Amino acid sequence: MNTIRPGWLLLPMASLHCRPRQARLICASALVGFCLFGLTQGLKFSLKGLSRGGGHFSPLDALTTLVVSLGLLTMLFLTSTAISQSVRNDIGDLAILKALGFSSSRIIFSVFLEAALPGLLGAVLGLCLSHPTAVYLLHLLSRGHVLPSPHIGLGQLGLALALTTLILLAGVLLPALRIIRMNVATALSGQP
Amino acid sequence: MGSMISLRKVSKIYRGAHSANKVSVLTDFDLDVDVGEFVAIMGPSGSGKTTLLNLVGGLDTPNTGQVVVADNHLEGLSSRELAIWRAHHVGFVFQSHNLIRILSAAENVELPLLLKSLPHKERARLTQEALRQVGLVERAAHRPGALSGGQQQRVGIARAIVSDPAVLLLDEPTGNLDRSTAEDILALLRHLQSGGRTVLMVTHDQDAARAATRTVHLGAV
């Protein structure tokens, strides 16, 4: 008799089946969103260095904020859709877990965990990719001018991680409501 | 012997999309099941057999009346309290097995033990013991898709008994099985009852009902 997997992994597996398609979608959207975030922050740093000073809120700030916001909103939409789809597909299995005595909060936590792992991985990869991309873009844009190298500070990295967590939490919100309001008896009977 | 399950004037009404579409499934229903009793619930389709099981198992709540199981008044518990209560007092066996496809037989059986904060070795021991009781130790690593209907039903029973609940609730446990496999399952249930468990089984099958110590008939709606 062999139980290969450790206990802490069984619940996330049972609740969402580690769906590779959903995980890839969450990871890819986080990667693109935070590559964009890192890229705009890096470029802003370099271009501000070029203009030296300037106003409190320049058109450059407005443009980067807009681009980053759109990227992160897209990430939120894709993450929420991916998690909702997984929960909808596996509502029967989630009902089994509830019938066995797992609380809604425990099931929601495992659903969050399963979205958080690819989401954080994508965000970190996106930030790592953003630096060489920003250097390359600056090289193309500079045309002989000497520009400061793009730089992302610790504050911006912290902000990126906080934004990832917030987006993932917001993405789990609607599926969590569905899990809380689920009628176990109805879900087990296979009715919609 | 004391009463393990007690229902007093329980009514359950299902409401349709329109308020006029009400279906009254149970009306002022009373039931007492003693500790260690094996009761079969019979009745035509729509008479409320599965609803009764869901009410006793805390998966559904009555519109009126009292449901007391293992000295707990279920109608007063929140959904969180009901989940904790289910984990400690009730084992479910469903007609359609309801095993989780991605997990092996052993992992399916192990699931209820994750709620008990037991060390891994103890969980593995209890899982093996439950699988031994249903005669499936050698199929522990197989996923449900690789098991026959009877074997899946036995995995479902192992999952229900692994945490040693006082009450076993079974919905048509022999409904999809051939006669010989059904006999094996019923013999197993009688064995579990002789060990002191209270068993409540919904069935359409007269032969299955004969395995019980008492049969309760529900009328048509």
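Everything quoted here is computed from the prediction, not taken from an experiment. (Residues numbered from 1 in each chain as written. Chains lettered and ligands numbered in written order. Predicted model: local features only at pLDDT ≥ 70, side-chain atom pairs only at ≥ 80, totals over all residues.)

*Asks:* Any details on the sheet that holds strand S6 (residues 90-93) of chain B? Residues and values, ideally.
*Replies:* Residue and element names in this part refer to chain B. If you walk across this open sheet you meet the five strands as S6-S7-S8-S3-S9, and the pairing is parallel. Two strands close off the open sheet at either side, each with one partner strand: S6 and strand S9 (214-217). With strand direction ignored, the average angle separating the axes of adjacent strands in the sheet is 20°. Of the strand pairs in this sheet, strand S3 (residues 38-42) and strand S8 (residues 198-202) are connected by four bridges, and their pairing is parallel. Note that in S8 the partner of isoleucine 41 across the bridge is valine 202. Against the sheet, helix H1 (residues 49-56) engages S3, strand S7 (167-171) and S8, with an angle of about 150° to S8. (Pairing = 2+ DSSP bridges. Helix = DSSP H or I, 4+ residues; strand = E, 2+ residues; numbered from the N terminus. Axes fitted to C-alpha atoms, helices over the stretch in contact; angles between N-to-C directions. Contact = placed C-beta atoms within 7 Å.)

*Asks:* Give a description of the packing of helix H5 (residues 104-142) of chain A against helix H6 (residues 154-181) of chain A that names residues and reports values.
*Replies:* Residues and elements named next belong to chain A. Two elements in contact, H5 and H6, have axes separated by 9 Å at closest approach and are oriented at 150°. Between H5 and H6 the crossing geometry is right-handed. Listed contacts from H6 to Ser104, Ile107, Ile108, Val111, Phe112, Ala115, Ala116, Gly119, Leu120, Ala123 and Leu127 of H5 are Leu157, Ala160, Thr164, Leu168, Gly171, Val172, Pro175, Ala176, Ile179 and Ile180. When grouped by side-chain class, the residues that make up the contact of H5 with H6 number 17 nonpolar, four polar and no charged. (Left-handed = near helix turned anticlockwise from the far one by under 90°. Nonpolar A, V, L, I, M, F, W, Y, C, P; charged D, E, K, R; others polar.)

*Asks:* Before we move on, could you go through the environment of valine 172 of chain A and cite the residues and values that matter?
*Replies:* Residues and elements named next belong to chain A. Relative to the elements of secondary structure, valine 172 occurs in helix H6. By C-beta crowding, valine 172 is classed as buried, having 24 other C-beta atoms within 10 Å. Placed 61 residues apart in sequence, valine 172 and valine 111 show a C-alpha to C-alpha distance of 7.6 Å. With residues up to four places along the chain from it excluded, the contact list for valine 172 reads Ile83, Ile108, Val111, Phe112 and Ala115. (Buried ≥ 20, exposed ≤ 12 C-beta atoms within 10 Å, placed from the backbone.)

*Asks:* Account for the confidence of the model for chain B, naming residues and giving values.
*Replies:* Counting all residues, the mean pLDDT for chain B is 90, and 97% of those residues have values of 70 or more. With pTM at 0.80, the complex prediction returns an ipTM value of 0.87. (pLDDT = per-residue confidence, 0-100.)

*Asks:* So, the nonpolar core: which residues are in play, and what are the values?
*Replies:* Counting residues in each nonpolar core, the largest one holds 109 residues, and the members touching the most others are Ile5, Val56, Leu131, Ala158, Leu169 and Leu200 of chain B. Considering every element that reaches this core, the biggest residue donor is helix H2 (residues 20-51) of chain A, with 11 residues. (Core = buried A, V, L, I, M, F, W, Y, C linked by C-beta atoms within 7 Å.)

*Asks:* So what's going on with the environment of asparagine 176 of chain B? Which residues, and what values?
*Replies:* All names here are of chain B. Mapped onto the elements, asparagine 176 comes out in the loop between S7 and helix H6 (179-194). By C-beta crowding, asparagine 176 is classed as partly exposed, having 15 other C-beta atoms within 10 Å. Sequence spacing of asparagine 176 and alanine 160 is 16 residues, and the spatial spacing of their C-alpha atoms is 18 Å. Aside from chain neighbours lying at most four places away, what touches asparagine 176 is Gln95 and Gly149.

*Asks:* How would you summarise unusual backbone geometry if you had to cite specific residues and measurements?
*Replies:* Residue and element names in this part refer to chain B. Unusually for a residue other than glycine, histidine 97 sits at a positive phi of about 65°. Its location among the elements puts histidine 97 in the loop between S6 and helix H3 (105-110). Assessed through the 21 C-beta atoms surrounding it within 10 Å, histidine 97 is described here as buried. Phi at serine 117 takes a positive value of approximately 50°, unusual for a residue other than glycine. On the secondary structure map, serine 117 appears in the loop between H3 and helix H4 (120-133).

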